[in-house]
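Close look at the chain arrangement
Residue-level listing of the chains:
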Amino acid sequence: MLVGSDFQKRILGYGLMTAEIFYRIPDHPKFLQSFLWQTEDLAPHFPELNKFLAFWEKEIEARIHTVRVAHQDLLEPVDYRYAKGEICVH
């Protein structure tokens, strides 16, 4: 049975990463604008985010001011609790 690449990434520790990028455009340098970007990435090094920011710096004229990052693991230990009761199924 073949395992999908999404599942393999989750096993390797990839999680949902959200980056809020604050930037200034050359035409209006006093205005601070924001761009929200999400992808699956590997914390704490964030290789996908670093590739994206390198692309931004090379190809986009807007200068990055600040990057704010949030990360959520996609596979975590499951919380469970025991039920206080019994269900009979015939």
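Okay, so let's go over this structure. If you're wondering where the values come from, they're calculated on a predicted model, not measured in any experiment.

Criteria and thresholds
Counting restarts for each chain: residues are numbered from 1 in the order of the written sequence. Only residues with pLDDT of at least 70 are given local features in this predicted model, and only at 80 or more are side-chain atom pairs given and counted; all residues enter the totals for whole chains, interfaces and linings. Only heavy atoms go into the side-chain values, all of them from the structure, while hydrogens and water stay out. Secondary structure elements are taken from DSSP: a helix is a run of H or I of four residues or more, a strand is a run of E of two residues or more, and numbering for both begins at the N terminus. Whether two residues are in contact is decided by their heavy atoms, any of which lying within 4.5 Å being enough. Shrake-Rupley sampling with a 1.4 Å probe provides the accessible areas, and residues are treated as covered by the protein chains on show and by no other component. Exposure classes here rest on a 1.4 Å probe applied to the protein chains alone. A residue is buried below 20% of its type maximum, exposed above 50%, and partly exposed in between. Strands qualify as paired when DSSP identifies two bridges or more between them. Between 30 and 60 degrees the pair is tilted, below 30 it is stacked and above 60 it is edge-to-face, where a pair is any two Phe, Tyr or Trp rings, Trp via its six-membered ring, whose centres lie within 6.5 Å.

Comments concerning the overall build of the protein
The secondary structure content of the protein amounts to two helices and three strands. When the helices and strands of the protein are placed in sequence order, the string is α-β-β-α-β. Partitioning the intrachain contacts of the protein with sequence separation of at least 6 by distance along the chain shows that 59% fall at a separation of at least 24. Total accessible area on the protein is roughly 7900 Å²; 56% of this is exposed by carbon and sulfur atoms.

Remarks on the environment of E48
Considering the arrangement of structural elements, one finds E48 in helix α2 (residues 47-59). Since its relative accessible area comes to 26%, E48 is described here as partly exposed. Separated by 31 residues in the primary sequence, E48 and M17 have C-alpha atoms spaced 9.4 Å apart. Excluding residues within four positions of it along the chain, E48 makes contact with W37, T39, E40 and D41.

With respect to the pairing of strand β1 (residues 14-25)
As paired elements, β1 and strand β2 (residues 28-42) share eleven bridges and run antiparallel to each other. Bridge pairing in β2 links M17 to T39. The hairpin formed by β1 and β2 contains two residues between the paired strands.

Here we look at the packing of aromatic side chains
Under the defined criterion, the tally for this structure stands at five aromatic pairs. Here F52 and W56 contribute two aromatic rings whose centre-to-centre distance is 6.1 Å and whose plane-to-plane angle is 70°, an arrangement assigned as edge-to-face. Remark: W56 and F52 occur in helix α2; sequence separation between them is four residues, near one turn of the helix. Assessed through its relative accessible area of 17%, F52 is described here as buried. Overall, the relative accessible area of 5% leaves W56 in the buried class. Cluster of aromatic residues (ring-pair linked, three or more members): Y23, F35, W37, F52 and W56.

Geometry only, nothing functional implied.
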